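Examining the three-dimensional arrangement
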Amino acid sequence: MSSQQQKVDREEWKKKIMEALKDVYDPEIPVDIVNLGLIYDLKINDEGDVYLRLGLTAPGCPVIDDLVYTVEQVIKESVPAKSVEVDIDLDTQWTPLKMTAEGREKFKQLYGYDIVEMWVQTYGLPADEQKS
């Protein structure tokens, strides 16, 4: 039975891909794209096609092509994907509120302040994130 005929373990692939993407860093903020919360969607089908929707910390990022290429290569190196599609989401605005706790902590260590607290103080919480 060839690897193409075996059923894809989607959860295992997701884990491997997300772990590998922790080695890919945003060009603007020296925190990896996973902990910045830039992975908006990751889909894997039974045939081994991988689709990833990626956000950007800044619209008009000058290194989009390099980032897409790097993400594609990292995915291909971490799982035997049949195809890889990386889609840049320019419609969903990234904010520090998308960061993981680990990402916030890394940012704090680098810059000495909590970017999420600063963001909330400056802009407030978005309506959909406010607790009643």
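As annotated in an unreviewed UniProt entry, the chain carries the name PaaD-like protein (DUF59) involved in Fe-S cluster assembly and is attributed to Saccharolobus shibatae.

**Observations concerning the pattern of salt bridges**
Within this structure, the stated rule accounts for 11 salt bridges. Residue D46 is joined to K7 by a salt bridge in which the shortest nitrogen-to-oxygen separation is 3.2 Å. Highlighted residues: D46 in the loop between β1 (39-44) and β2 (49-54) and K7 in the segment before α1 (10-21), separated in sequence by 39 residues. Among the ionic pairs, D89 bridges to R53, the shortest N-O distance being 2.3 Å. Placement of the pair is D89 in the loop between β3 (83-88) and α3 (101-111) and R53 in strand β2, with a sequence separation of 36 residues. We classify D89 as buried; its relative accessible area is 9%. Each of R104, E105, K108 and D114 takes part in salt bridges that share partners, so that together they form one network.

**Remarks on the UniProt feature "domain: MIP18 family-like" (unreviewed entry) in the chain**
Sequence positions flagged by UniProt for "domain: MIP18 family-like" (unreviewed entry) are, in local numbering, residues 14-87. Between the C-alpha atoms that bound residues 14-87 there is a distance of 17 Å. The span itself is 31% helix and 23% strand.

**So, the environment of V68**
If you trace the backbone, V68 turns up in helix α2 (residues 64-78). Residue V68 is classed as buried on the basis of its relative accessible area of 14%. The residues contacting V68, other than those within four sequence positions of it, are V86 and I88.

**With respect to the nonpolar core**
Counting 36 residues, the largest nonpolar core has L21, L52, L54 and V71 as its most contacted members. Taken together, the elements giving at least two residues each to this core come down to α1, β1, β2, α2, β3 and α4 (115-123). The greatest single-element share of this core, amounting to five residues, is contributed by α2. Once residues within four sequence positions are removed from consideration, V71 is found in contact with L21, V24, I33, L52, L54 and V86.

**Details of the sheet that holds β3**
Read from one edge of the open sheet, three strands run β1-β2-β3, paired in mixed fashion. In this open sheet, the two edge strands, each paired with only one partner strand, are β1 and β3. With strand direction ignored, the average angle separating the axes of adjacent strands in the sheet is 10°. Bridge count between β1 and β2: five bridges; the pairing is antiparallel. Opposite D41, over in β2, you have R53 as the bridge partner.

**Observations concerning the side chain of D41**
By the secondary structure assignment, D41 is in strand β1. Of note is the side chain of D41, whose polar atom sits 3.3 Å from the side chain of K43. In contact with D41, not counting residues within four places along its chain, are Y51, L52 and R53.

Parameters and conventions
Residues numbered from 1 in each chain as written. Predicted model: local features only at pLDDT ≥ 70, side-chain atom pairs only at ≥ 80, totals over all residues. Heavy atoms only, no water. Salt bridge = Lys/Arg side-chain N within 4 Å of Asp/Glu carboxyl O. Helix = DSSP H or I, 4+ residues; strand = E, 2+ residues; numbered from the N terminus. Buried < 20%, exposed > 50% of the residue type's maximum accessible area, 1.4 Å probe, protein only. UniProt positions renumbered as here; feature names shortened; annotations may be inferred. Contact = heavy atoms within 4.5 Å. Core = buried A, V, L, I, M, F, W, Y, C linked by side-chain atoms within 4.5 Å. Pairing = 2+ DSSP bridges. Axes fitted to C-alpha atoms, helices over the stretch in contact; angles between N-to-C directions. Polar contact = N/O pair within 3.5 Å; in protein donor to acceptor, adjacent residues only side chain to side chain.

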